[in-house]
Amino acid sequence: MLATEPDWTREELRRWWDPSRQLLKSIRQYQKGQSRGGAIGATLKAIGLLQYRFWSVVSGAEIPLNWKFSGGLRLLHPNGIIIDPRVSIGPNCMIFQQVTIVGGVKIGARVDIGAGAKIVRPVTIGDGAKIGANAVVLCDVPAGATAVGVPAKILPPKSQRVIDKAPVDRLTVMEKSL
């Protein structure tokens with residue numbers, strides 16, 4: 001599947017008690033009713049709003065009803081996720097628990113954001129990037145790169161990392177340290 005094509009199976013309900021998928025479903029239903037208008041649209045909005053309120057409380061997530069997001073989003077544990085409505089997110093992304101994302105952030109496709117990560121400035125995160133757990137992102141993250149630490153440091157994609165493959169003689173290293 002291409003990066004620009006959402007994988008809608010990632011959002012399908014597998015069972016009724018699935019707070020993250022139910023929350024996303026309620027947001028999409030509300031937005032569908034809003035765009036449709038009329039009596040049917042008002043009914044869809046009302047049902048979506050009730051479901052949204054219930055699943056927001058259950059999940060403990062702060063995701064606004066007017067937030068536009070691409071398909072295939074996975075919220076593995078939606079507890080404590082806070083997302084500003086001005087955040088743009090690409091298809092097939094994954095967000096873990098306790099993540100905070102401020103307004104103006106642009107997130108590409110297939111981005112994974114680890115538990116407790118904070119994106120606190122309007123930055124761009126490229127396709128296929130990974131944000132480590134508890135990272136505090138203050139600058140752009142290029143496509144395929146990994147951001148880790150506080151403040152986050154950018155590690156290049158694995159294909160560009162230089163690995164020292166010289167054998168290490170532990171005895172020599174220990175002797176030098178004495």
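On a predicted model such as this, the values are computed, not experimentally measured, just so you know.

A. Molecular detail of the pattern of salt bridges. The full count for this structure, using the stated rule, is four salt bridges. A salt bridge links R21 to D18; the shortest N-O distance between them is 2.9 Å. Residue class for R21 comes out buried when judged on its relative accessible area of 9%. Here D112 and K130 are joined by a salt bridge, their closest N and O atoms 3.6 Å apart. Taken together, the residues D112 in strand β7 (residues 112-113) and K130 in strand β10 (residues 130-131) connect sequence positions 18 residues apart.

B. Just the side chain of E11, in detail. On the secondary structure map, E11 appears in the segment before α1 (19-36). Here E11 falls in the buried class, since its relative accessible area comes to 12%. A distance of 3.0 Å separates a polar atom in the side chain of E11 from the backbone nitrogen of G72. Setting aside anything within four residues of it in sequence, one finds E11 in contact with R21, L24, R28, F69, S70, G71, G72 and L73.

C. Here's a closer look at the packing of aromatic side chains. As enumerated under the stated definition, the model contains five aromatic pairs in all. Considering the side-chain rings of W16 and W17, the 5.6 Å spacing of their centres and the 45° angle between planes classify their relative orientation as tilted. With a centroid separation of 5.2 Å and an interplanar angle of 55°, the aromatic rings of W17 and W55 are classed as tilted. Of this pair, W17 sits in the segment before α1 while W55 is found in helix α2 (residues 38-59), placing the two residues 38 residues apart along the sequence.

Conventions and cut-offs
Residues numbered from 1 in each chain as written. Predicted model: local features only at pLDDT ≥ 70, side-chain atom pairs only at ≥ 80, totals over all residues. Heavy atoms only, no water. Salt bridge = Lys/Arg side-chain N within 4 Å of Asp/Glu carboxyl O. Buried < 20%, exposed > 50% of the residue type's maximum accessible area, 1.4 Å probe, protein only. Helix = DSSP H or I, 4+ residues; strand = E, 2+ residues; numbered from the N terminus. Polar contact = N/O pair within 3.5 Å; in protein donor to acceptor, adjacent residues only side chain to side chain. Contact = heavy atoms within 4.5 Å. Phe/Tyr/Trp six-rings, centres within 6.5 Å; stacked < 30°, edge-to-face > 60°.

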